[in-house]
Amino acid sequence: MKSFTGLQIPCWNDLLNLASRCYGLTGLGYLGVDIVLDREKGPLLLELNARPGLNIQIANKAGLLPRLHLVEREHEKLTSIEDRVTFAKDRFAA
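Owing to the predicted nature of the structure, the values given are computational and were not obtained by experimental measurement.

Give me the overall build of the protein: which residues, what numbers.
When helices and strands are counted, the protein shows four helices and two strands. Taking the principal axes of the C-alpha coordinates as reference, the protein spans close to 35 × 30 × 25 Å. Summarising the internal contacts of the protein: among those between residues at least 6 apart in sequence, 29% fall at separations of at least 24. With an accessible surface of roughly 7,600 Å², the protein has 56% of that area assigned to carbon and sulfur atoms. In the protein, 12 positive and 11 negative side-chain charges are present, and the distance between their average locations comes to 5 Å.

Kindly report on the environment of leucine 31, identifying the contributing residues and their values.
Positionally, leucine 31 belongs in the loop between helix H1 (12–26) and strand E1 (32–38). Separated by 21 residues in the primary sequence, leucine 31 and proline 52 place their C-alpha atoms 6.5 Å from one another.

Please give an account of helix H3 (residues 64–74) that cites residues and values.
When H3 is considered as a whole, its buried residues turn out to be Leu64, Leu70 and Glu74. One face of H3 carries all of its buried residues, which in axial projection span an arc of 130 degrees. The outward face of H3, more than 90 degrees from its buried face, is lined by the exposed residues Leu65, Glu72 and Arg73. The secondary structure elements touched by the buried residues of H3 are helix H2 (55–60) and helix H4 (81–92).

Tell me about H4, residues and numbers included.
The first and last C-alpha atoms of H4 sit 16 Å apart over 12 residues, in line with the 16 Å expected at 1.5 Å per residue. Regarding H4, the residues found buried are Arg84, Val85 and Phe87. Down the axis of H4, the buried set is contained in an arc of 160 degrees. They therefore lie on one face. In H4, the exposed residues that point more than 90 degrees away from the buried face are Glu82 and Asp90. Buried residues along H4 sit in contact with H1 and H3.

Explain the packing of H1 against H4 residue by residue, including any values.
Packing of H1 against H4 leaves a shortest axis separation of 9 Å and a crossing angle of 120 degrees. As far as their axial angle goes, H4 and H1 are oblique. At the point where H1 passes H4, the crossing takes the right-handed sense. Residues Asn13, Leu16, Asn17, Ser20, Arg21 and Tyr23 of H1 form the contact with H4, whose participating residues are Ile81, Arg84, Val85 and Lys89.

Thresholds applied
Residues numbered from 1 in each chain as written. Predicted model: local features only at pLDDT ≥ 70, side-chain atom pairs only at ≥ 80, totals over all residues. Heavy atoms only, no water. Helix = DSSP H or I, 4+ residues; strand = E, 2+ residues; numbered from the N terminus. Contact = heavy atoms within 4.5 Å. Areas by Shrake-Rupley, 256 points an atom, 1.4 Å probe, with all protein chains shown as cover. Lys, Arg positive; Asp, Glu negative; His and termini not counted. Charge placed at Lys NZ, Arg CZ, Asp CG, Glu CD. Buried < 20%, exposed > 50% of the residue type's maximum accessible area, 1.4 Å probe, protein only. Arc of directions from axis to C-beta. Expected span 1.5 Å × (residues − 1). Axes fitted to C-alpha atoms, helices over the stretch in contact; angles between N-to-C directions. Parallel < 35°, antiparallel > 145°, perpendicular 65-115°, else oblique. Left-handed = near helix turned anticlockwise from the far one by under 90°.

This is how it looks when you write it as structure tokens:
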């Protein structure tokens, strides 16, 4: 198995901004955003998931419920894309 330790994802802030912009498209409080990085075109949106799978919890090594509670408490303050991206980076970056 290959280790992902130290992996740097190119265009990370662009990916977070793209995912955050999707929130306004759906009206959902919680969604999964599937994005692929194309070598020539950059980040591309594949799909939005109203009920994303549990793999995100495995990838983050963190349960989803505490994160959802934190977002529920703070979401009214997060009025802009920049607010949401900064919040996610500050609270959920490993």
